[in-house]
Structure formats: C-alpha cells, structure tokens
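# Topology and contacts: notes
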Amino acid sequence: MLLESILLGAVGGAISFAGNQIYKKMKPVKEEVYLSEFIKEIRENEIKEKMWEDIWKYNEVRVKYEDEIKVPVLLGTYYLNNGIKYLFRYPIGISSEKMEKCKTQIKELSNSDEVEFTHYKNDMVYVTVTKNMEEEKVEVPKEIADENERWTEFWIKTKKGAGDKENGFEYPVLTGIDDINGDKLYHFKMPIGVSTFHIEQVDISIKEYLGARAIEISSKSKGTMEIKAYFTELPKTVPFKVVPVKDKNFLEVSFGVTRTGYATVNFYKMPHILTAGMTNSGKSTVTKMITAQIVCNYSPDELVICLADHKRCELSDFVCLPHTKRFVEKPDDTEKLIDELIEVMDERYAKFRSVGVKNLYDYNKKVPKKDRLPFILVIMEEIARYTLAKGKKQNGEKSKSEKLTELGFEARGAGVFLDITVQKPTANSLPPDVKSSLGNTIALLTTDSHNSRIICDDGDKLKYLRGFGHGYIQNDLGSEEFQSFWASDEDITNLLKKRGLWIEGRTVNNSYEIF
C-alpha cells in the first residue's frame, strides 16, 4: 500500500523519473514511524494544482498568448522520504530561473526547509520541497503571553491565519517583540498551510489593530513571519545629497531615505525601474533625483543615458549632460530608439561570446580598460504615450509593447536598463509582460484602488501616502517605505555645473554612437 501511494499523477507512463532511486530511498522507510508522523505531515501539506496556479499568477510567472494567460502546468507529484517532488512543464516565455522567484512563498505554504528547482529536460522542471525530520517546539515567552492571546483573538476575528492543527497550533504564535527606535518588530511561528500571502490580505486590519502608520509583512525563514509596525513618520522633505556607490562595477542609485538607510536600486540584483503614481505623487521628482544622483557617481565613459521625454517638459534639461547620447519626444522616435538598443544589445552579446563571458560585468573585468563598455540607462517619461500610440506594422513586425518587452527581459546582461514612469497603469498603457520585466517598482500616491492594485498588488496601500515623493520601493526582495530626495531644478543645475557635468546649450545629435 505504501508503494502504491508513492507515485501520483504519472504522465501517461512516459515520464522517466529515475524511479529506481526513489524506490531505493523509500524501501527502508518504516511505515509506523514516518507515515504516521513525518510523511503524514508532508502529504497533508501538499500544494494542490489550483494553489500552484495562484502562486504563479501572484508572482507574475505567466505569459499571455492571444487572450489566454498561461502558467507552468503540474504534470506529476512524487513523494520522497523527506518531502515532495513536483514536475512542471513551463510555457514558452517562462524559464525555470523565473519560476525560482517564488521560492519563499512555496517554502511558506509547504512549511518546508528547502525548495530546489532542477531542470529535467526540454521545457520541464522539478520543484522539490524538503523538510528536516526534527519537529520544532513553539514556546511563548511569559512576558508576551497576554499579547499572544490578543493576537489569537485577532486572527479568529478576521478569519485569517487559521492553519492545520497537525503541528500543534492552529493560528500564528507570537514568539517575540523587538523595539526598534520607537517602531516594533513582531515575530511569529506559522501553522502549516498559512503563509504571508494569506496574512497580507488583512494588512489594513493589522495596521488598525496596532495603531501603526504602516506595516511590512515578511518571512525570513521557514515557518516564520515578521510584522514590522512603524509608528514614527519619515521626514516630509529630504534635501538632495550625493550618495557614493559601493562598487562601480555594478550600476546602482540612491534616490531617497528609508527608516534604515537609503532607498537604493541595484540594477544587477533587480533590473529596471517602474515609477508609478498620480499627479503630484512625485514621479518626475524621483526621476530627476535618480538622474542627478547617477551621473554624479558614473562618468560619461561609464554610463550612457538615453532620454524619451513623452511629456516634453521634464527631461529636456538633462540634454546638457555629457552622458546623454539620445533625446526623443515622439513615440515613433522612441520606437526607433528601442530598435537601436536591441541591435546594441545583440552586438554586445556577440562581443561577450567572443571572449567567453555572458554579461557586461564579466566582460569589463576581462578586457583592457580602454575596451570596457558603459552601462546604458534609458529614461522614459510617461510610457503610456508610447504604448498607446497608434502606428502601422509591417507583416511580422513586433508591436511597440513587444519590442519594449524584449528589451526589458533580455537587455539586463548587456548592461542596458530601463527607468520608466506611468501615471495611469492599465493593461493597455502598461501591458502585463512589460510590467513583469521591470524588477523594481517605485510605488507612489494613487487614490484609485484599481491602479494601486496594478502597481503594487494592493488596492489600499498607496492611498495612505502623502504624495510629493513619499512611497514604497518594491521588488522580489521586499517592500520598504521611503521619502525621496528633493532639490529644485536650479539647485540641481548648479550642483552639476560645479561638478563639470553641465554643458550649457548642448544639443544631442542622435547619430552619436551609443556602443
């Protein structure tokens, strides 16, 4: 009976799963020990097909074919001594590397210690979740026992957080509270079947329960959760300052302050930026602070800037920078610029192959200094005026959005990065494939719940912001509240002039070589 329950969902009997190895592992298993305790827990916590679909869609591991959204398909489920191995087929446009960004959520939902992705063959990948044999005991310190009781009442009232009683508790257990300069960090042990994904659905209720200005929910290790509650306010105005980069082999920029330091984007860790918010939310201010900051840290030999000013009033001053090699305002000219950048990207990858490397970082380490290639930052104000612009396509030609998506997904290794702003994100102005290629989101004020949900997957989070550069920087590493730097246009111009980075009356000849 045990062996009959080991293999489930075999695909037409045609999938070879190195079955002999599994049987060898399973033979020594003592049913009365493992099946009644450990394997029972693992199997009861198996992630079902519908839940997998939700995981992929929530993390935007999906592609759109015509009117259909496709996600990785579960082909088979295999039980191991210490976990479960799932076999998936992923559609064209999704790689196993992209699927790996879901590791944290998978680990939480399965209450496992490890999640491993292993390529099987062609378009198939194994996702293996494993768990240590030893059970953990949850103890509540006496000094917070009353607080834990109040939290339990809260979980019951909100009807969220209830899990499987198999590991001895049904709701998240409070295990510690840290005081951090007036803010608080709550530590929880999670029941089986509950993840931060479920808790985030009542984040507004948690904030009201705590009386906090803002909260952040995260998971640092398997079966645990942290809720950071902020009771102090960030300053409303933060004067611009130049923040030196740690390593100029990588492109990074700081554009404001958080409660723990600077709001920083490292393009190597997470490529590209999407800045989104309503009028007076601070989109243009943030873009200008990023531009001023980055040119103060990287010379024209280290960084090339291309500007697409679809608003025709925000970026024109930066033509005076020696870094700027392209300046366009019309959607058709932006499309030509993207075509050119795709060619540059292809040429760069050919160069990399010629010296046996795969990306710009390794290339610049390997070649003499005179042959090193600069980073390329493409700054686009109001992307909707590009994506919604009408234009005739030749047979087989890609659309404007498809070209932008190609650049977003493929240009990272070539050192070409995007910094895009949008005011009203919709499926047409900001197509899902374009959005999913942008690793960092600078989420600013919006009072529209629908727009807020598109920007940060939360319908209420952004309407509580102050505007004027107050927002959240979000990526796969988490979410953090920030206040952007601020300086007047005159102050920025004077700073850049003092640094010799301002050429009065400069114009851009779009035939300059970007390479």
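These figures come from a predicted structure and were not determined experimentally.

### Brief notes about the pattern of salt bridges
- Considering all chains together, one arrives at 20 salt bridges under this definition.
- Each of D183, R213, E233, R259 and E481 takes part in a single network of salt bridges with overlapping partners.

### Here's the deal with the packing of aromatic side chains
- Per the stated rule, a full pass over the model turns up 23 aromatic pairs.
- Measuring from ring centre to ring centre gives 4.8 Å for W52 and F88, while their planes differ by 75 degrees; the resulting arrangement is edge-to-face. With W52 in helix α3 (residues 49-58) and F88 in strand β5 (residues 83-89), this residue pair connects regions lying 36 residues apart in the sequence. F88 shares its class with W52; the two are buried.
- Through pairs of rings, three or more aromatic residues link up here, namely W151, F154, W155, Y186, F188 and Y209.
- The lysine or arginine in question, K85, covers the ring of Y126, its NZ or CZ lying 4.9 Å from the ring centre.
- Just above the ring of Y298 sits the side chain of K248; from NZ or CZ to the centre is 5.8 Å.

### Here's the deal with the nonpolar core
- Within the largest apolar cluster, 89 residues are counted, with the highest numbers of intra-cluster contacts made by F255, F267, I294, V378, L404, I442 and L496.
- Grouped together as the second largest cluster of nonpolar side chains are 23 residues, V63, F88, I106 and V115 included.

### Some points on the sheet that holds strand β10 (residues 214-218)
- Spatial ordering of the open sheet is given by β8-β9-β11-β10, a layout of four strands whose pairing is antiparallel. Looking at strand neighbours, the two that pair on one side only are β8 (173-180) and β10, the edges of this open sheet. Recorded for the sheet is a direction-independent mean angle of 15 degrees between the axes of neighbouring strands.
- Bridging between β10 and strand β11 (residues 224-230) involves five bridges; their strand directions are antiparallel.

### Concerning the confidence of the model for the protein
- Chain-level statistics for the protein give a pLDDT mean of 82 and a share of 85% at 70 or above.
- Ignoring residues within four places in sequence, the model shows residues 1-42, a span with pLDDT below 50, making 68 contacts including any to other chains.

### Remarks on the packing of helix α6 (residues 145-158) against helix α8 (residues 203-210)
- Direction vectors running N to C along α6 and α8 enclose 145 degrees, while the axes themselves pass 12 Å from each other. The chirality of how α6 crosses α8 is right-handed. Facing α6, whose interface residues are E147, R150, W151, F154, W155 and T158, α8 presents S205, I206, Y209 and L210.
- Looking at side-chain class alone, the contact of α6 with α8 contains six nonpolar, two polar and two charged residues.

About the cut-offs
Residues numbered from 1 in each chain as written. Predicted model: local features only at pLDDT ≥ 70, side-chain atom pairs only at ≥ 80, totals over all residues. Heavy atoms only, no water. Salt bridge = Lys/Arg side-chain N within 4 Å of Asp/Glu carboxyl O. Phe/Tyr/Trp six-rings, centres within 6.5 Å; stacked < 30°, edge-to-face > 60°. Helix = DSSP H or I, 4+ residues; strand = E, 2+ residues; numbered from the N terminus. Buried < 20%, exposed > 50% of the residue type's maximum accessible area, 1.4 Å probe, protein only. Lys NZ or Arg CZ within 6 Å of the ring centre and 35° of its normal. Core = buried A, V, L, I, M, F, W, Y, C linked by side-chain atoms within 4.5 Å. Pairing = 2+ DSSP bridges. Axes fitted to C-alpha atoms, helices over the stretch in contact; angles between N-to-C directions. pLDDT = per-residue confidence, 0-100. Contact = heavy atoms within 4.5 Å. Left-handed = near helix turned anticlockwise from the far one by under 90°. Nonpolar A, V, L, I, M, F, W, Y, C, P; charged D, E, K, R; others polar.

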